[in-house]
Amino acid sequence: MAIALENYAQDRWVPHSGRAVEIPSALDGHVVATCSSDGLDFGAMVRHAREVGGAGLRAMTFHERADRLRALAGFLNERKEVLYRLSADTGATMRDNAFDVDGGIGTLFAYASRGRRELPSERFVVEGGVETLSKCGGFVATHILTPLNGVAIHINAFNFPCWGPLEKFAPAFLAGMPVITKPATATAYVTEALVRLMIESGLLPKGTLQLICGGVGDLLDHLTGQDVVSFTGSLETSEKLRNHPALGRNAVRYIAERDSLNAAILGPDAAPGTPEFDLFVKEVVREMTVKAGQKCTAIRRAFVPRAVAGDVVEAVKAALAGIKVGRPDDTDTRMGALVSRTQRDAVRAAIRELSREAEIVSGDPDAEPPGLEGGAFMQPVLLRCDHPAEAKGVHTVEAFGPVATVMLYDGTEKVIELVARGEGSLVASLFTYDPEVAAKVALGIAAFHGRILILDRDCGRESTGHGSPLPGLVHGGPGRAGGGEELGGLRGVFHYMQRTAIQGSPKQLAALTHSWIKGAPAPATEQHPFRLDYDQLRIGDTIKTASRTISLEDIEHFAHFTGDTFYAHMDEEAAAANPFFPGRVAHGYLILSFAAGLFVDPPPGPVLANYGLDNLRFLKPVSPGDAIRVRLTVKAKNAARQPEYGEVRWDAEVFNQTGDTVARYELLTMNARPA
């Protein structure tokens, strides 16, 4: 019995009404589900997201949102079998599920970790340093990032019904922005099940996530400059969205990931028998067959030196001969079906276009695999184009299925030109063990790609492969690929935030950003700040130490004790000849050690550990006889994952006897919190 998909709007499941669209199984054509968005009030959904979802998310810190993402990932990971079962009707094998279902859940985990590790326990981000705007330092500026007060509209493709929504949802949620997600109809039943699990978890604040199964109606008419549209799909649909009057009129942020004629390049040094040659063949075959080639990152153009073209074609053909096409529940199956017979027809049409300039050397696109009649199955198809410089279609037509074209090239300069004719791609892979070839080709094609993989024998075993977008790396590409960027670590989060320059006095900016700035109040504490626990410390709390004179004996003792007998510390004549020193000088790390001796409070207390220094600079040499003193100020505080302690960042400045700064750095400590 077909599943009647429901929409999730304004925190309730809404049965579809009106004329429903039937969604066929990729395996045998039976109707898996029906869907419709008729009757939804899209304007009300947008208002609900802004007023309820956005308000709730913005009230949470990054760490609180990250904790929800981690818990959600764990919840889904324990219940993913239901998604596996439903995905079978899309043609997905268990190998495909590792990319889609597990990959999507892994992205949630990755962003949860980044949120905790790289973002503050705040509702905003301070970006970059402080800009001094006046001679005396009384007028300064900095940049902050705050969540947009709108809704993120996520329009996804059919090929990844789990990973697609989740890789968009994770950075938006972490940024503090609610989401309305719209899956492609062909696989909407998998996404609906995913969203049901996410809502069932109880981890998402009200209004955070809404689902549209069907058309988007007048949804885009309700968008403003505070909203974001993120789209994955075809070039044609992308152009329609980008040219929508509301998006242009209101300058709605638009992120697109669309057609991409990704390339794999076999280096001139990667002859048959080399590990790089074998890696190339393996990767081309894998990209043709995983998800039945229905990946935006799949290899479409495989460039090989003319001298080894025959060897490459024979090796790929032999590997493809071992790929069994079949139903996902057959344990011998290596490649499943395309998502629908309609999609298979589109792939066959694209192959006919490619065949005008290239010869089919493996696979029959029109053959029905025996025993699989009625489904959307087809054989992998390999083509060969001997003169790609004279061809056009092989650089413009994307067969979104198990199809790749081997193209011959003569010299690295020529292959760089040929790759660029794809007019912008998500990813290219280069297979070479020659660093000069790698540098020349990678730099030659970088402007046309969002990601480049240089694959060789040293990283081949550990590589995640050509077609695997990773949360920490940019996913997107210029030109034909859409010009957008997703993921990329915090870059993906910042797409959903507004960058604002804040100007004012050090006092005002320190209070606003919760980060001490030089020139802001730095009150001395009645107690030594090392006697105060994390919660008792205030931003700006300061200790100013007594002075300590550094003698020549100190310098020589430090040199012999540590083994650092560099001439600048031990040879007066050589040191004086150095343009940076007036003569023998103290070691930089002697200055740090003596500085710590001046400000540390030694008995056990709330300071649990010193775990590093950031931004250390030695600004002026210290000569024998100079006296140093320290100002130590609480610069910022950041809650740790464990409730028993938190991170304190201290601004440390070391002065000499004339008040000149000789060193400056940031000290990091872990401080206990009350039980």
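Above this text sits the structure in question.
What counts as what
Residues numbered from 1 in each chain as written. Predicted model: local features only at pLDDT ≥ 70, side-chain atom pairs only at ≥ 80, totals over all residues. Heavy atoms only, no water. Helix = DSSP H or I, 4+ residues; strand = E, 2+ residues; numbered from the N terminus. Buried < 20%, exposed > 50% of the residue type's maximum accessible area, 1.4 Å probe, protein only. Contact = heavy atoms within 4.5 Å. Areas by Shrake-Rupley, 256 points an atom, 1.4 Å probe, with all protein chains shown as cover. Lys, Arg positive; Asp, Glu negative; His and termini not counted. Charge placed at Lys NZ, Arg CZ, Asp CG, Glu CD. Arc of directions from axis to C-beta. Polar contact = N/O pair within 3.5 Å; in protein donor to acceptor, adjacent residues only side chain to side chain. Pairing = 2+ DSSP bridges. Axes fitted to C-alpha atoms, helices over the stretch in contact; angles between N-to-C directions. Parallel < 35°, antiparallel > 145°, perpendicular 65-115°, else oblique. Nonpolar A, V, L, I, M, F, W, Y, C, P; charged D, E, K, R; others polar. Expected span 1.5 Å × (residues − 1). 1 Å grid on protein atoms, 1.4 Å probe; cavity = no way out; pocket = protein on both sides within 12 Å on 5 of 7 lines; lining within 4 Å. Points joined across faces, edges and corners; volume = space filled by probe spheres on them. Core = buried A, V, L, I, M, F, W, Y, C linked by side-chain atoms within 4.5 Å. Salt bridge = Lys/Arg side-chain N within 4 Å of Asp/Glu carboxyl O. Phe/Tyr/Trp six-rings, centres within 6.5 Å; stacked < 30°, edge-to-face > 60°.

What about the overall build of the chain?
Here's step 1: Helix and strand counts for the chain come out as 19 helices and 28 strands.
Here's step 2: Dimensions of the chain, computed from C-alpha atoms along their principal axes, come out at roughly 90 × 60 × 45 Å.
Here's step 3: Within the chain, buried positions represent 56% of all 675 residues.
Here's step 4: Sequence separation of at least 24 residues holds for 74% of the intrachain contacts in the chain that already meet a minimum separation of 6.
Here's step 5: In the structure as shown, the chain presents an accessible area of about 27,600 Å², 52% of it carried by carbon and sulfur atoms.
Here's step 6: Computed over 70 positive and 81 negative side-chain charges, the separation of the two mean positions in the chain equals 5 Å.

Re helix α13 (residues 435-445)
Here's step 1: Turning to α13, its buried residues number three or more, namely V437, A438, V441, A442 and I445. Summarising the axial view, the buried residues of α13 lie within an arc of 110 degrees, below the 170-degree limit, and thus occupy one face. Among the exposed residues of α13, those pointing more than 90 degrees away from its buried face are P435, E436 and L443.
Here's step 2: On its buried face, α13 is in contact with β13 (262-266), α12 (412-420), β18 (425-431) and β19 (449-455).
Here's step 3: The N-capping residue of α13, defined by a side-chain oxygen 2.9 Å from the backbone nitrogen of E436, is D434.

Notes on the sheet that holds strand β17 (residues 403-409)
Here's step 1: With mixed pairing, seven strands are arranged side by side in an open sheet as β15-β16-β17-β14-β13-β18-β19. Either end of the sheet is taken by a strand with one partner, and the two such strands are β15 (359-362) and β19. Between one strand axis and the next, the sheet turns by 25 degrees as a mean value, whatever way the strands run.
Here's step 2: With five bridges connecting them, strand β16 (residues 381-385) and β17 associate as parallel partners. Counterpart to R384 in the pairing with β17 is V406.

Let's talk about the packing of helix α2 (residues 62-77) against helix α5 (residues 163-175)
When two helices pack together, you describe them by how their axes are tilted relative to each other and by the distance separating the axes.
Here's step 1: Where α2 meets α5, the axes come as close as 8 Å, and the angle between the chain directions of the two elements is 150 degrees. Classified by the angle their axes make, α2 and α5 are roughly antiparallel. Residues F62, R65, A66, R68, L69, L72 and L76 of α2 pack against L166, F169, A170, F173, L174 and A175 of α5.
Here's step 2: Of the residues that constitute the contact of α2 with α5, the class distribution is eleven nonpolar, no polar and two charged.

Observations concerning α2
Here's step 1: Taking 1.5 Å of rise per residue, 16 residues should cover 22 Å, and α2 covers 22 Å from first to last C-alpha, within 8% of that figure.
Here's step 2: Taken together, the buried positions of α2 are occupied by F62, H63, R65, A66, L69, L72, A73, F75 and L76.

Considerations on the pairing of strand β12 (residues 253-257)
Here's step 1: In terms of burial, β12 is a largely internal element, four of the five residues being buried.
Here's step 2: Relative to β12, strand β11 (residues 228-232) runs parallel, the two sharing five bridges. Bridge pairing in β12 links V229 to Y254.

Section: empty space enclosed by the protein
Here's step 1: Tallied over the entire structure, the rule returns six cavities of 30 Å³ or more.
Here's step 2: Here the largest cavity defines a volume of roughly 90 Å³.
Here's step 3: Along its surface, the largest cavity is lined by 14 residues, and T90, A92, N159, K291 and Q294 are the ones closest to its centre.
Here's step 4: For the lining of the largest cavity, the per-class residue count stands at six nonpolar, six polar and two charged.

Some details on the sheet that holds strand β5 (residues 31-35)
Here's step 1: Reading across from one edge, β1-β5-β4 is the order of the three strands in this open sheet, with mixed pairing throughout. Unpaired on one side and paired on the other, β1 (3-4) and β4 (21-24) mark the two borders of the sheet.
Here's step 2: Pairing geometry for β4 and β5, over four bridges, is antiparallel. Looking across to β5, one finds that I23 is bridged to A33.

A look at the layout of surface pockets
Here's step 1: Reported here for the largest pocket is a volume of approximately 1,200 Å³.
Here's step 2: Along the wall of the largest pocket there are 41 residues; nearest its centre are S515, K635, A636, R649 and E666.
Here's step 3: Elements with a minimum of two residues in the lining of the largest pocket: α4 (94-118), β6 (125-132), β25 (607-618), β26 (627-639), β27 (645-655) and β28 (661-672).
Here's step 4: With seven residues, the top contributor of residues to the lining of the largest pocket is β6.
Here's step 5: For the lining of the largest pocket, the per-class residue count stands at 15 nonpolar, eleven polar and 15 charged.

Focus: the nonpolar core
Here's step 1: Of all hydrophobic cores here, the largest spans 67 residues; its most connected members are I265, L266, F280 and F303.
Here's step 2: Broken down by element, this core gets its largest block of residues, seven residues, from helix α9 (residues 275-289).
Here's step 3: With near-sequence residues (within four places) excluded, F280 lies in contact with A264, I265, L266, A302, F303, V304, V312 and F431.
Here's step 4: Counting residues in hydrophobic clusters, the runner-up holds 61 residues, among them W163, L166, A175 and M497.

Section: the side chain of K182
Here's step 1: Among the structural elements, K182 can be located in strand β9 (residues 179-182).
Here's step 2: Within the buried set, K182 has no salt-bridge partner at all; the shortest N-O distance to an opposite charge, 11 Å, is to D38.
Here's step 3: Among the polar contacts made by the side chain of K182, one reaches the main-chain carbonyl oxygen of G214 at a distance of 3.0 Å.
Here's step 4: Contacts of K182, omitting those with residues within four sequence positions, involve H154, I155, N156, I212, G214 and V216.

Brief notes about the packing of aromatic side chains
Here's step 1: One pass over the full model with this rule turns up nine aromatic pairs.
Here's step 2: Aromatic side chains F280 and F431 sit 5.2 Å apart centroid to centroid with 85 degrees between the ring planes, which places their arrangement in the edge-to-face category. A residue pair is termed long-range when its members are at least 10 positions apart, and F280 in helix α9 and F431 in strand β18 qualify at 151 residues. In this pair, the class of F280 matches that of F431, namely buried.
Here's step 3: On the basis of an interplanar angle of 70 degrees and a centroid distance of 6.1 Å, the ring pair of F530 and F599 is categorised as edge-to-face. Of this pair, F530 sits in the loop between α15 (506-513) and β23 (542-544) while F599 sits in helix α19 (residues 588-599), and the two are 69 residues apart along the sequence. Taken individually, F530 and F599 each receive the classification buried, so the pair is uniform in this respect.

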